[in-house]
Amino acid sequence: EGGRGRGQAGRPPAYGMEVVVVPGEVITREAGHLRGHGTHHAGSETGGGQQHHTAHTPASGPLLASRSGRVDRVNRLLSVEPPKFPYTGEVGDIVVGRVTEVGSKRWKVDVGAIKQAVLHLSAVNLPGGAQRIRTYADALQMRSFIAEGDLISAEVQSVLSDGTLSLHTRSLKYGKLENGLAVQVPCHLIRKLKHHTVSLECGVDCILGNNGHVWITRRIPEEWRSDAGGDGEAPLAEALEQQYQRHAATAIEAPERRWISRVRSAVVLLKSMSAQIDPLSIMQVVGAMDKVGVDAPALSNPDTARRILTEAQLLV
């Protein structure tokens, strides 16, 4: 009793010890520990791992697992991290992936699924937003549109019978991603949102991919939008293309890099505690970092990270 892999029954796992539990198994009998996702106290009415981190309070009685997985310990916080299943994908999901192959009228994209996703030439926007049938000349120029190694954002258009995801980037908000950084987290931590392309209050834009890939970059300045629009007669596709080209060619300034770094650190910190990742939780951590007066490198210190989580009211 008390879990496989523990030195003594009822003791919490030591740092670095891999402990796997099943629902109903005792994680620890010691008092003073905080319940995280996937845990509940014996006799509590709300099990099933549905408690939010803001509800963490020390309680007496054994701490039990409410789902199968690996016990994750962050100081006094104990949570159960479920097995890392590959991303399966559903129609309408927003994904961020890396192109691995350019083939005959299609690209293969790694989105973290069992099989690589496919993006057909007919499912992408042509330069300038041209609406026409793709020609042989377009097929010869595919690498000028998207090449191997490029990061892209796309939407899942369909799921084929063998589980392969078919993507499209026909909307102007999808396409090649440049001048930013990507963070990978378990896909189950990304909260389902109405819009997965979000603008944070700190001036940073994010794509929270349903496949667990998070893209972080600066927000395009409003003056760029007006400059790209010119006299207002330029087509929307051309105006957006000019904005993206300018964004890719313009270096990110130091203040912008600082906020991007803070957002990345917030995502990594939320990942480390198996917390849901959404605009609110990200800004809670970023706001706490600003209030406490620390930058991203300081979060490598466990005490500083705990202080930030407490300030963000993710730990109490």
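Cut-offs applied
- Residues numbered from 1 in each chain as written.
- Predicted model: local features only at pLDDT ≥ 70, side-chain atom pairs only at ≥ 80, totals over all residues.
- Heavy atoms only, no water.
- Core = buried A, V, L, I, M, F, W, Y, C linked by side-chain atoms within 4.5 Å.
- Buried < 20%, exposed > 50% of the residue type's maximum accessible area, 1.4 Å probe, protein only.
- Helix = DSSP H or I, 4+ residues; strand = E, 2+ residues; numbered from the N terminus.
- Contact = heavy atoms within 4.5 Å.
- Axes fitted to C-alpha atoms, helices over the stretch in contact; angles between N-to-C directions.
- Parallel < 35°, antiparallel > 145°, perpendicular 65-115°, else oblique.
- Left-handed = near helix turned anticlockwise from the far one by under 90°.
- Nonpolar A, V, L, I, M, F, W, Y, C, P; charged D, E, K, R; others polar.
- Pairing = 2+ DSSP bridges.
- Salt bridge = Lys/Arg side-chain N within 4 Å of Asp/Glu carboxyl O.

Colleague: What is the right way to read the nonpolar core from this model?
Modeller: Counting residues in each nonpolar core, the largest one holds 38 residues, and the members touching the most others are Val263, Ile282 and Ile308. Residue assignment for this core shows that the elements contributing at least two residues are β16 (204-208), β17 (213-218), α5 (254-272), α6 (279-292) and α7 (302-311). When residues of this core are assigned to their parent elements, the largest contribution, seven residues, is made by α6. Apart from residues lying up to four places away in sequence, Ile282 is in contact with Leu200, Leu208, Val263, Ala266, Val267, Leu270 and Ile277. Within the second largest apolar cluster, 23 residues are counted, among which are Ala117, Ala154, Val156 and Leu167.

Colleague: Help me understand the packing of α6 against α7, please; the structure alone is not making it clear to me.
Modeller: Any two packed helices are characterised by how steeply their axes cross, that is the angle between the axes, and by the distance between the axes. Packing of α6 against α7 brings their axes to within 8 Å, and their N-to-C directions diverge by 110 degrees. Taken together, the axes of α6 and α7 lie roughly perpendicular to each other. Between α6 and α7 lies a crossing of right-handed hand. Along its contact with α6, which presents Val285, Ala288, Met289, Lys291 and Val292, the element α7 presents Arg307, Ile308 and Glu311. Of the residues contributing to the contact of α6 with α7, the split by class is five nonpolar, no polar and three charged.

Colleague: Would you mind showing me how to read the pairing of strand β11 (residues 151-159) here?
Modeller: A regular strand carries its side chains on alternate faces of the sheet. With five bridges joining them, strand β8 (residues 94-102) and β11 adopt antiparallel strand pairing. Each bridged residue has a counterpart across the sheet, and for Arg98 the counterpart in β11 is Leu151. Across four bridges, β11 lies against strand β12 (residues 165-169) in antiparallel orientation. What sits directly across from Val156, in β12, is Leu167. Between β11 and β12, which pair antiparallel and follow one another directly, the connecting turn spans five residues, one of which, Gly163, has a positive phi of 95 degrees.

Colleague: So what exactly am I meant to see when it comes to the pattern of salt bridges here?
Modeller: Close approach of charged atoms lets side chains of opposite charge pair. Tallying each qualifying case throughout the model produces 14 salt bridges. In this structure, the salt-bridge partner of Asp93 is Lys192, at a minimum N-O distance of 3.6 Å. Remark: Lys192 occurs in the loop between β14 (180-184) and β15 (197-199) and Asp93 occurs in the loop between β7 (77-81) and β8; sequence separation between them is 99 residues. Between Arg262 and Asp295 there is a salt bridge, with its nearest N and O atoms 2.8 Å apart. With a gap of 33 residues between them, Arg262 in helix α5 and Asp295 in the loop between α6 and α7 connect regions that are remote in the sequence. Among the residues examined, Arg262 registers a relative accessible area of 6% and is labelled buried. The network of salt bridges with shared partners includes Arg258, Arg262, Asp290 and Asp295.

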